[in-house]
Structure formats: structure tokens, C-alpha cells
Amino acid sequence: MQEDGSGDNLKIRFRRTSIKRRKLCPKCLGDLEIASPFGGWLIPQEYKCKACGYHGPIALEIND
Ligand SMILES: [Zn+2]
């Protein structure tokens, strides 16, 4: 693997990190979906919960 500090490398690493962490709904502890594909980059990340309809920037993070 090459590490030349390019922007693409950083982007890939960030994405892998976010996939590994589970995001849980603060209301019902259900699995959250990412509401906006651009969240966390230009605007705050937002999540939505299929179970209870929660929609907002708060998510409980669980490592692994
Ligand atoms: Zn929920």
C-alpha cells in the first residue's frame, strides 16, 4: 500500500472508519441510516431511524 498523503487516501480511510462504527438511534437504539450523502463533509451529518422515524444529527456511536 502506498501512503503519499493524497486527498483520496484520506477520504477512503475516513469512509472505512465510519462504516466500521455502528450508529444507533438515541430514541429507540435502532440502527440509523445516513440521511444525507454529503453529511460530515460540507454540512453536519444527519441520520434517520427507520424504526421510530427519528431524524437528526445525534447518533450513538459504538465501536465494532
Ligand atoms: Zn429510532
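This text goes with the structure placed above it.
Below: a short report on this structure. It should be emphasised that the depicted structure is a prediction, and the values quoted were computed from it without experimental measurement. (Residues numbered from 1 in each chain as written. Predicted model: local features only at pLDDT ≥ 70, side-chain atom pairs only at ≥ 80, totals over all residues. Heavy atoms only, no water.)

### Side note on the coordination of the zinc ion
Moving on, step 1. Cys25 (SG), Cys28 (SG), Cys49 (SG) and Cys52 (SG) make up the full set of protein donors to the zinc ion, lying at 2.3 Å.
Moving on, step 2. Seen from the zinc ion, its 4 donor atoms lie at angles of 103 to 117 degrees, and the figure they make is tetrahedral.
Moving on, step 3. Taking the relative accessible area as the measure of exposure, Cys52 reaches 38% and is therefore partly exposed. (Donors = N, O, S within 2.8 Å, 3.2 Å for Na, K, Ca; no water. Tetrahedral: all angles 85-135°; square planar, octahedral: opposite > 155°, others 65-115°. Buried < 20%, exposed > 50% of the residue type's maximum accessible area, 1.4 Å probe, protein only.)

### Structural notes on the pattern of salt bridges
Moving on, step 1. Evaluation of the coordinates by the stated rule reveals 3 salt bridges.
Moving on, step 2. The salt bridge partner of Asp31 is Arg22, with a shortest N-O separation of 2.6 Å.
Moving on, step 3. Given a relative accessible area of 47%, Asp31 falls into the partly exposed group.
Moving on, step 4. The class of Arg22 is partly exposed, set by a relative accessible area of 41%.
Moving on, step 5. With a closest N to O distance of 3.5 Å, Lys50 and Glu33 form a salt bridge. Residue Lys50 is found in the loop between strand 3 (47–49) and strand 4 (55–56), and its partner Glu33 is found in strand 2 (residues 32–34); the two are separated by 17 residues along the sequence. (Salt bridge = Lys/Arg side-chain N within 4 Å of Asp/Glu carboxyl O. Helix = DSSP H or I, 4+ residues; strand = E, 2+ residues; numbered from the N terminus.)

### Remarks on the sheet that holds strand 4
Moving on, step 1. Here we have 3 strands laid out as an open sheet, ordered 2-3-4, and antiparallel in their pairing. For this open sheet the edge positions go to strand 2 and strand 4, each flanked by a neighbour on one side alone. (Pairing = 2+ DSSP bridges.)

### Considerations on the nonpolar core
Within soluble globular proteins, side chains that are nonpolar tend to cluster in buried spots.
Moving on, step 1. Core analysis: the largest hydrophobic core is formed by 5 residues, namely Cys25, Leu32, Tyr47, Cys49 and Tyr54.
Moving on, step 2. When residues no more than four places from it in sequence are discounted, the contact partners of Tyr54 are Cys25, Pro26, Lys27, Leu32, Tyr47, Lys48 and Cys49. (Core = buried A, V, L, I, M, F, W, Y, C linked by side-chain atoms within 4.5 Å. Contact = heavy atoms within 4.5 Å.)

### So, unusual backbone geometry
Only a minority of non-glycine residues have a phi that is not negative, and only a minority of peptide bonds are not trans.
Moving on, step 1. Backbone geometry at Leu29 places phi at a positive 65 degrees, although glycine is not the residue there.
Moving on, step 2. Mapped onto the elements of the fold, Leu29 is located in the loop between strand 1 (22–24) and strand 2.
Moving on, step 3. With relative accessibility at 54%, the residue Leu29 sits in the exposed group.

### Section: the environment of Arg21
Moving on, step 1. Locating Arg21 in the fold gives a position in the loop between helix 1 (7–20) and strand 1.
Moving on, step 2. The spacing of Arg21 and Glu61 is 40 residues in sequence and 6.4 Å in space, taken between C-alpha atoms.
Moving on, step 3. Leaving out residues up to four positions away in the same chain, Arg21 has contacts with Glu61, Ile62 and Asn63.

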